[in-house]
Amino acid sequence: MTAEMAVEIQGLHKSFGRVHALRGLDLAAPVGQVTGFLGPNGSGKTTTIRVLLGLLRSDAGTASLLGGDPWTDAVRLHRDLAYVPGDVTLWPNLTGGETIDILCRLSGPLEPERKRTMLERFDLDPTKKARAYSKGNRQKVALVAALASRAPLLLLDEPTSGLDPIMEAAFQESIREVKAEGRSVLLSSHIFTEVETLADRVVIIREGETVESGTLADLRHLTRTQVTTVLDSGADALAALPGVHDLSTEDGHTSFAVDDDALPAVLAEVARLKPRSLVASPPSLEDLFLRHYDDELAAVHHGGKR
């Protein structure tokens, strides 16, 4: 494992009987960055995280985190990581505060001030027994424990499941602080805006394989910008420009997609036509993700099965 990587996976395979959960997965999460880990249910995200936690042993390939092997060095590594699953189970007879104290101490000395800050930020009553908590409050207990610790690496598997938008904002504020402290985060999430807001890099997987990885800027170079403009005349001429695709005009509004390398020349031509309005939208993370699932979407729309 290179010193610059908090997590590094190469050619990872894991099967459960005839089910191949991971088929040569590659993943790299640099130190001090937030790496988004995207894929639908069943794509292998949770299996990957369980391998990193030392709960599963891979069949082939290599996985390392924080300079160690997650299977043979599990005890040492668990002192340096914090884990939040998407469905938290707690000791029912302990209070939330007692649970947070135990979890925080697993990765270093408890810091009461950090704990207090996170309890206030996530609006959590630590005096209640865990059995009295809702799903959202159980999630808050795990988040407060992870974020109040000084763990160098956070492994987060759908961490904001069950949280409302206000708590989602609190989570994002906390992850920015973690990153500012130079710590590393591997964030698995179904919330595209969350990953797009927080992640420095993104890894997209499908059926246990990596299909895309890189910074958002890198990935956006692989697709097209959507342009919408209002023109008094000349819209038809834009269709003939190199790099312009799928041009359509309706009620004076002209829309088209344009290849990134052709964007400067196309926008210059649009400007020459004196548009009354112009909006150029780079592809969202959701657009990049869905590009890899067009066949599944087509099957849904046509009532078919893969």
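Residues numbered from 1 in each chain as written. Predicted model: local features only at pLDDT ≥ 70, side-chain atom pairs only at ≥ 80, totals over all residues. Heavy atoms only, no water.

Q: Any chance you could explain the confidence of the model for the chain here in plain terms?
A: Interpretation of this model should avoid reading the predicted coordinates in detail wherever pLDDT is low. Of all residues in the chain, 93% have pLDDT values of 70 or greater, and the mean over the chain is 89. Low pLDDT (under 50) marks residues 297–302, which in the prediction has four contacts with non-local residues, meaning those over four places away or in another chain. (pLDDT = per-residue confidence, 0-100. Contact = heavy atoms within 4.5 Å.)

Q: Would you mind showing me how to read the packing of aromatic side chains here?
A: Applying the stated criterion across every chain, the model contains zero aromatic pairs. A cation over a ring is seen here: Lys 14 above Phe 16, with NZ or CZ 5.5 Å from the ring centre. (Phe/Tyr/Trp six-rings, centres within 6.5 Å; stacked < 30°, edge-to-face > 60°. Lys NZ or Arg CZ within 6 Å of the ring centre and 35° of its normal.)

Q: What is the right way to read the packing of helix α3 (residues 96–105) against helix α5 (residues 135–148) from this model?
A: In the contact formed by α3 and α5, the axes pass within 9 Å of each other and the chain directions differ by 40°. The handedness of the crossing between α3 and α5 is right-handed. Residues Gly 96, Thr 99, Ile 100, Leu 103 and Cys 104 of α3 lie in contact with α5, whose contacting residues are Val 141, Val 144, Ala 145 and Ala 148. Of the residues assigned to the contact of α3 with α5, the class counts are seven nonpolar, two polar and no charged. (Axes fitted to C-alpha atoms, helices over the stretch in contact; angles between N-to-C directions. Helix = DSSP H or I, 4+ residues; strand = E, 2+ residues; numbered from the N terminus. Left-handed = near helix turned anticlockwise from the far one by under 90°. Nonpolar A, V, L, I, M, F, W, Y, C, P; charged D, E, K, R; others polar.)

Q: Explain the pattern of salt bridges to me, please; I cannot follow it from the model alone.
A: Pairs can form between side chains of opposite charge once their charged atoms are near each other. In this structure the tally under the stated criterion is 15 salt bridges. For Asp 59, the salt bridge is made with Lys 14, and the minimal N-O distance between the two is 3.8 Å. Of the two residues, Asp 59 sits in the loop between α1 (45–52) and β4 (60–65) while Lys 14 sits in strand β1 (residues 5–16), which places them 45 residues apart along the sequence. Using a relative accessible area of 47% as the deciding quantity, one classes Asp 59 as partly exposed. The partner of Glu 181 in a salt bridge is Arg 114, and the shortest N-O contact between them spans 3.3 Å. Here Arg 114 lies in helix α4 (residues 112–121) and Glu 181 lies in the loop between α6 (165–180) and β7 (184–188), a separation of 67 residues in the sequence. Here the residues in one salt-bridge network are Glu 111, Arg 114, Arg 150, Glu 181 and Arg 183, joined through shared partners. (Salt bridge = Lys/Arg side-chain N within 4 Å of Asp/Glu carboxyl O. Buried < 20%, exposed > 50% of the residue type's maximum accessible area, 1.4 Å probe, protein only.)

Q: Can you walk me through the sheet that holds strand β13 (residues 277–281) in this structure?
A: Strand order in the open sheet formed by four strands is β11-β12-β10-β13, with antiparallel pairing between adjacent strands. Of all strands in the sheet, those with a lone pairing partner are β11 (244–250) and β13, marking the two edges. Strand-to-strand, the axes of this sheet are offset by a mean angle of 15°, without reference to chain direction. Both β11 and strand β12 (residues 253–259) contribute to a ladder of five bridges, which runs antiparallel. Across the sheet, Thr 249 pairs through a bridge with Thr 254, a residue of β12. (Pairing = 2+ DSSP bridges.)

Q: Mind showing me how you'd approach unusual backbone geometry here?
A: Glycine aside, negative phi is the norm for most residues, and most peptide bonds take the trans geometry. In this structure, Glu 158 is a non-glycine residue whose phi angle is positive, near 55°. Along the polypeptide, Glu 158 turns up in the loop between β6 (153–157) and α6. Glu 158 sits in the buried class, given a relative accessible area of 17%. Located in the positive-phi region is Lys 274, a residue other than glycine, with phi close to 55°. Residue position: Lys 274 is located in the loop between α10 (263–272) and β13.

Q: Explanation requested: the sheet that holds β1 in the structure shown.
A: In sheet architecture, strand pairing relies on hydrogen bonds along the backbone and comes in two forms, parallel and antiparallel. A sheet is described by the order of its strands in space; here three strands give the open sequence β2-β1-β4, paired in antiparallel fashion. The sheet is open, and its two edges are formed by β2 (19–30) and β4, each paired on a single side. For this sheet, the mean inter-axis angle between neighbouring strands, taken without regard to orientation, is 20°. As paired elements, β1 and β4 share five bridges and run antiparallel to each other. Following the sheet pairing, Glu 8 is matched in β4 by Ser 64. Along the sheet, α1 makes contact with β1, β2 and β4, crossing β1 at roughly 115°.

Q: How should I be thinking about the nonpolar core in this particular structure?
A: Among soluble globular proteins, nonpolar side chains are generally buried collectively. In terms of nonpolar packing, the biggest core is built from 44 residues, with Phe 122 and Val 202 touching the most fellow members. Sequence-distant contacts of Phe 122, that is, excluding residues within four places in its chain, are made with Lys 140, Leu 143, Val 144, Leu 147, Met 167, Ala 170, Phe 171 and Ser 174. (Core = buried A, V, L, I, M, F, W, Y, C linked by side-chain atoms within 4.5 Å.)

Q: Where do I start with the packing of α4 against α5 in this structure?
A: Each pair of packed helices can be summarised by the angle the axes make with each other and by the distance between the axes. At their nearest, the axes of α4 and α5 sit 9 Å apart, and the two run at 145° to each other. At the point where α4 passes α5, the crossing takes the right-handed sense. Residues Arg 114, Lys 115, Met 118 and Leu 119 of α4 pack against Val 144, Leu 147 and Ala 148 of α5.

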